[in-house]
Amino acid sequence: MATWVLHVDLDQFLASVEVLRRPEFAGLPVVVGGRGDPTERGVVSTASYEARAFGVGSGMPLRVAVRRCPEAIFLPVDKPAYDEASAQVMATLRALRWDGDPVDVQVLGWDEAFVGLGEGAVERVRDPFAFAEQVRAEVLAATGLHCSVGIGSTTLQAKIATDFGKPRGVHRISDDTWFAQMGERPTRALWGIGAKTEKRLSELGIGTVAELAATDDDVLADAFGPSTGPWLARLARGSGPRRVDPTPWVPRAHGREETFQEDLDDDAEIEAAVRRIARRVVADIDAEGRPAARVVIKVRNRSFATVTRSRTLPEPTSDPDALADAAAALLGRVERDRPVRLLGVRLEMTPPPGGY
């Protein structure tokens, strides 16, 4: 009996939350990013479908976005509002019943989660499409937000299926249809493969999902390593977990970055900024209740060249002064010949009791 996994993905999440708060923006091109000022430095976090029609996309500089869509409505990122909306969605998913049985929910981020039956569910034939429509209807009723749902035999298949159904749709990929639907697509269509890996695969003569699936594991292990190589092959074969893991995600680190509206070229200003950012991250790890064991800084200059420097601490600590000092000291290991555009600090924490 097939055990289906569902992937629930909220459509244009940040933009949809903003439209709920401002119904007059419905149907208009909305861009969420930075402080909402397209004359400033910042990037697009989410664009509504109306804005995407003009070529505006996530990660794009706001200044480029406004050139592509001058009529767009630009709004600042409001993290607390998105946190609240996400919590409402996840609570709705956890309260679902599939043919009377409770479900497990594996949260992937603000706007997406896997949903599936728990271990104790009664064995019976189930209609995943009917349940997917139930999910969409209950999320909409509880939050006012639309979502798309992917159905798969594995979490990987469900995740990829969602893109076929967007927006506001349902799509299924199964073991039986995997190669028919995915075989001729480029390797980058797989969840987990980015541009760099796609390029390396292409250099090996591997361009499609089917070609990657047919490649011997030993060949991939030689090119990518003994763990990554066979893992890539498993992706191409549609393999993955067939059960949802509801275990809460535990972060290994917290970090913050700041892009400056004007580049910093004074050493004292740069150090002061690193210390300020480090103290903000300390507040994040304090909420976890775990001290930092390693400090990492990120420095990006005017030409977008980026370097990172890190240091393992002699003893884990949550002391703001000590961590700010450690972050500032790492600046001495950065050869700087141009003004600084962006600074970031990441604090890697000690593992929780019992490990990850």
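These lines cover the structure that appears in this document, whether it is placed above or below. (Residues numbered from 1 in each chain as written. Predicted model: local features only at pLDDT ≥ 70, side-chain atom pairs only at ≥ 80, totals over all residues. Heavy atoms only, no water.)

In this section: helix 13 (residues 320-330). Buried within helix 13 we find L323, A324, A326, A327, A328 and L330. If you follow the buried residues of helix 13, they end up packed against helix 12 (267-288), strand 11 (292-301), strand 12 (306-317) and strand 13 (340-349). Between a side-chain oxygen at the N-terminus of helix 13 and the backbone nitrogen of D321 the separation is 3.2 Å; the capping residue is D319. (Buried < 20%, exposed > 50% of the residue type's maximum accessible area, 1.4 Å probe, protein only. Helix = DSSP H or I, 4+ residues; strand = E, 2+ residues; numbered from the N terminus. Contact = heavy atoms within 4.5 Å. Polar contact = N/O pair within 3.5 Å; in protein donor to acceptor, adjacent residues only side chain to side chain.)

Attention now moves to unusual backbone geometry. Here K166 and P167 are connected by a cis peptide whose omega angle stands at -10 degrees. When you line up the elements, P167 lands in the loop between helix 6 (155-165) and strand 9 (170-173).

Bringing the environment of A158 into the picture now. Within the secondary structure layout, A158 lies in helix 6. Classification of A158 by relative accessible area gives buried; the value is 0%. As for A158 and I173, which are separated by 15 residues in sequence, their C-alpha atoms are 6.7 Å apart. Ignoring anything within four residues of it in the chain, the contact list for A158 reads V5, L6, H7, F114, G150, I151 and G152.

What follows concerns the nonpolar core. Counting 34 residues, the largest nonpolar core has L6, F13, L93, V115, F131 and V135 as its most contacted members. Per-element tally for this core: the top contributor is helix 4 (residues 79-94), with six residues. Apart from the residues within four sequence positions on either side, L6 is in contact with W98, A113, F114, V115, F131, A132, V135, V149, G150, I151 and A158. In this structure, A292, A324, L331 and V334 belong to the second largest nonpolar core, which totals 27 residues. (Core = buried A, V, L, I, M, F, W, Y, C linked by side-chain atoms within 4.5 Å.)

Our focus in this paragraph is the sheet that holds strand 2 (residues 30-32). What the three strands build is an open sheet, ordered 3-2-4; its pairing is mixed. The two strands at the open ends of the sheet, each matched to only one other strand, are strand 3 (46-47) and strand 4 (73-75). Where strand 2 lies against strand 4, three bridges are found, and the strand directions are parallel. Within strand 4, the residue paired with V32 across the bridge is L75. (Pairing = 2+ DSSP bridges.)

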